[in-house]
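This is what each chain is made of:
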Amino acid sequence: MKDNVQQEKGNKWVTRISYAIGAFGNDWFYAVLSTYFIMFVTSHLFGKGDNAMILYITNIIALLRIVELFIDPIIGNAIDRTKTRWGKFKPWIFGGGMVSSIALAVLFTNMGGLNRTHPFIYLAIFAVLYISMDIFYSFKDTSFWSEMSSLTFDSGEREKISTFARIGSNIGANLVGMVIMPLVLFFSLTKNGGSGDLRGWSMFGMITAAIVIITVLVVCFGTHELDSDLRKNKEETKLKDVFKVLLGNDQLMWTAVSYGLYCIGINIFNSAELYYFTYVLGESSKFAIIGTINMILGFFSISAFPALAKKFNRKNVFYACILIMFCGAGLLAIAGKNLALVVLAMEMFAAPQAVIFLVILMTITDSIEYGQLKLGHRDESLTLSVRPLLDKLGGAIAGWCIGPIAILSHMTSGYTYKTITAGNILTFKLFVIALPVILILLGTFFFWKKVTLTEKRHAEIVEQLEKSWGEKNDTSVGTGEHAVAGEYDIVAPIKGTYLPLKDVSDQTFASGQMGQGFALKPSDGAVYAPFDGVVRQVFPTRHAIGIESEHGVIMLIHIGIGTVNMHGTGFVSYVEQGQQIHKGEEIMEFWDPAIKKAGYDDTVMVTITNTKEFDQVDVLPKDNQTIDSSTNVMKLIKN
């Protein structure tokens, strides 16, 4: 078994850039599949008036995507059980990327005219190809985002990799909108009123496949998985377990309901934008303006979120973003063929989406601790699996709607902006503007009325979990249910000046409720493992960590008082729950000036939470004694 702290391979910059390129390709593919493929189906795959085939295809797509939701947990479990010389994730990233990209390229064709000569055979082949593509993309997508946890155990480096990935995703998702119609029109033999022809769209499908294959190869060769015990023996995730967690965790459930309605609404609106440029404005090539501005605004939105959330709180930011989106939708309803107003309206609707996504993501993440407090167990992977399921469900339902909307509005093959009537445009706007607004408004109502998990409430929950941590974690893993008999000398985990625990301002610790121990005024921000053992818990705000020695001594190291409200700012964890640690190994780090600047007490409190297991507990230092990480601070005896 390889050590969990083995040296990370490769250059960090190579890893960051390679992973960002992978995120670029991943979101390029998803944008093509979820937003633009339906345009190809309704406008170029069949002849004028062949509405039945369009409905068959859109129904097949929607049904298969819903079926795929039930397959997703199986995909996750298959990835978890994968063991190869290339790692757990890369085989699926490579194989899933190759198969899904080639399948998509074929779907962007008429399969040699089979759609007209043998339509039902075409439908059968289409269904097989589409579900195969969707499943293999899910293998690739799940493996790609899961791989981040295997690239480093340093939370600071993970945040950097994640930032690079968000940048790559933003570019990939929006660059498609910039280049799709120029590329389609460039390769088309006939312009067809600005919508291109089958040849142009097929070439675009081939370009998409090439981009995905190249980015997959970059990820496979540019990143390196670290071998770790942390990724072994995970519990299998089943769809029924997701529903159990939803029903038991009301904050997660109502957030999911809100986000689900929101997802359907934005997917309908976003999918309709290219239709508006093609069939209302008659200027599909200028759709590139939307993609360009979206990409730029995406950077600012992602960058501005932390500051906005800190100043106004997440829920207020959410409401403000929804209001801007509604203003954008209202403006589009009256914009007509004025290009400037149309662009402004669509950007007002699009710009807040990245911020809303982050609000929802943070709320779902915070609901992990809410569920842990309410249900008595932590369902991290199940909780986090809810959002991707909702994204896919929203996309599936929106795709189901777009086909009939295009047919009713006469925005299908054989029609152009010259043939579209005022009545067609009104019908189109009712479905792609009014309907999304109603769905998003309903989701916002549930978010306002039912979701009460604010940042302040989450901080209170984490504090409650801390206070009950010793009671719920007083058994030893691997050594029996109780601490092993013997004498144990405990060294300090940090450097600083000794302070009796009874003198700290946090009464929970001062009263001994968290067990006997000591406190230190830190002189250094490094936190070291005081013994060989295992990480029992790293609190989500990274200001506290629970560890257990190989002999059953359970220790809580708590950095500062009130620092839970810093939400992880200024704290870095180098370990994860379940990871083996060795005496003297750096496991955490904090920036003391950040604590003081935030106005909190920087006193570090260290307690043995299973003190009652021992017959004798001695705290050795004297008042104001200078302590370093090799000083014996406690002696524990169990007969």
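Conventions and cut-offs
- Residues numbered from 1 in each chain as written.
- Predicted model: local features only at pLDDT ≥ 70, side-chain atom pairs only at ≥ 80, totals over all residues.
- Heavy atoms only, no water.
- Helix = DSSP H or I, 4+ residues; strand = E, 2+ residues; numbered from the N terminus.
- Contact = heavy atoms within 4.5 Å.
- Patch = residues over 30% accessible without salt bridge, like charges linked within 9 Å, V, L, I, M, F, W, Y side chains within 5 Å.
- Areas by Shrake-Rupley, 256 points an atom, 1.4 Å probe, with all protein chains shown as cover.
- Salt bridge = Lys/Arg side-chain N within 4 Å of Asp/Glu carboxyl O.
- pLDDT = per-residue confidence, 0-100.
- Axes fitted to C-alpha atoms, helices over the stretch in contact; angles between N-to-C directions.
- Left-handed = near helix turned anticlockwise from the far one by under 90°.
- Nonpolar A, V, L, I, M, F, W, Y, C, P; charged D, E, K, R; others polar.
- Phe/Tyr/Trp six-rings, centres within 6.5 Å; stacked < 30°, edge-to-face > 60°.
- Buried < 20%, exposed > 50% of the residue type's maximum accessible area, 1.4 Å probe, protein only.
- Lys NZ or Arg CZ within 6 Å of the ring centre and 35° of its normal.
- Core = buried A, V, L, I, M, F, W, Y, C linked by side-chain atoms within 4.5 Å.

Caption draft 1: Inspection of the environment of threonine 255 at higher detail. Within the secondary structure, threonine 255 sits in helix H9 (residues 250-281). It is 17 Å that separates the C-alpha atoms of threonine 255 and alanine 354, two residues lying 99 residues apart in sequence. Leave out the neighbours within four places in its chain, and threonine 255 touches Ile360, Thr363, Ile364 and Val451.

Caption draft 2: A nonpolar patch on the surface, seen in detail. Residues Ile167, Ile296, Phe299 and Phe300 make up a contiguous nonpolar surface patch of roughly 370 Å² in combined accessible area. Looking at the nonpolar patch element by element, the count peaks at three residues for helix H10 (residues 288-312). Examined against the element boundaries, isoleucine 167 turns out to sit in helix H6 (residues 155-187).

Caption draft 3: Geometry of the confidence of the model for the chain. Per-residue confidence for the chain averages 86 on the pLDDT scale, and 91% of its residues sit at or above 70. In the predicted structure, residues 228-235 sits below a pLDDT of 50 and forms 18 contacts with residues beyond four places in sequence or in another chain. Under a pLDDT of 50 for its full length, residues 473-480 has, in the predicted model, 19 contacts with residues more than four places off or in other chains.

Caption draft 4: Looking closely at the packing of H9 against helix H11 (residues 314-335). Look at H9 against H11: their axes get within 13 Å of each other, and the N-to-C directions meet at 35°. Here H9 and H11 pass one another in a crossing that is left-handed. For the pair H9 and H11, the contacting residues are Tyr262, Ile266, Phe269 and Tyr276 in the first and Ile322, Met325, Ala329, Leu332 and Ala335 in the second. The residue makeup of the contact of H9 with H11, split by class, is nine nonpolar, no polar and no charged.

Caption draft 5: Region of the structure containing the packing of aromatic side chains. In this structure the tally under the stated criterion is 34 aromatic pairs. Between the aromatic rings of tyrosine 19 and phenylalanine 144, the centroid separation amounts to 4.3 Å while the plane-to-plane angle is 10°, which identifies the pairing as stacked. Separated by 125 residues along the polypeptide, tyrosine 19 in helix H1 (residues 12-44) and phenylalanine 144 in helix H5 (residues 119-151) bring together distant segments of the chain. The class for tyrosine 19 is buried, based on a relative accessible area of 0%. Overall, phenylalanine 144 belongs to the buried group, its relative accessible area being 1%. Pairing tryptophan 92 with phenylalanine 139 gives two aromatic rings, centres 4.1 Å apart and planes at 15°, and the pair type is stacked. Taken together, the residues tryptophan 92 in helix H3 (residues 90-107) and phenylalanine 139 in helix H5 connect sequence positions 47 residues apart. The class for phenylalanine 139 is buried, based on a relative accessible area of 12%. Here the aromatic residues Phe24, Trp28, Phe37, Phe40, Phe108, Tyr122, Phe126, Tyr130, Trp201 and Phe204 are joined through ring pairs into a cluster of three or more. When the ring centre of tryptophan 13 is taken as origin, the NZ or CZ atom of arginine 16, which lies over that ring, is 4.9 Å away. Directly above the ring of phenylalanine 447 sits lysine 315, whose terminal nitrogen or CZ lies 5.2 Å from the centroid.

Caption draft 6: Inspection of the nonpolar core at higher detail. By size, the foremost hydrophobic cluster in this structure holds 121 residues, and its most contacted members are Phe37, Tyr122, Phe126, Tyr130, Ile180, Trp201 and Tyr275. No other element matches the 18 residues that H9 contributes to this core. Among residues more than four places away in sequence, those in contact with isoleucine 180 are Tyr36, Trp201, Phe204 and Phe287. With 37 residues, the next largest nonpolar core counts Ala492, Val553, Met566 and Ile595 among its residues.

Caption draft 7: Just the environment of threonine 190, in detail. Structurally, the position occupied by threonine 190 is in the loop between H6 and helix H7 (198-222). The partly exposed category is assigned to threonine 190, whose relative accessible area is 40%. Remark: the alpha-carbon pair of threonine 190 and isoleucine 587, spanning 397 residues in sequence, is separated by 63 Å. Beyond its immediate stretch of four places on either side in the chain, threonine 190 contacts Gly196 and Asp197.

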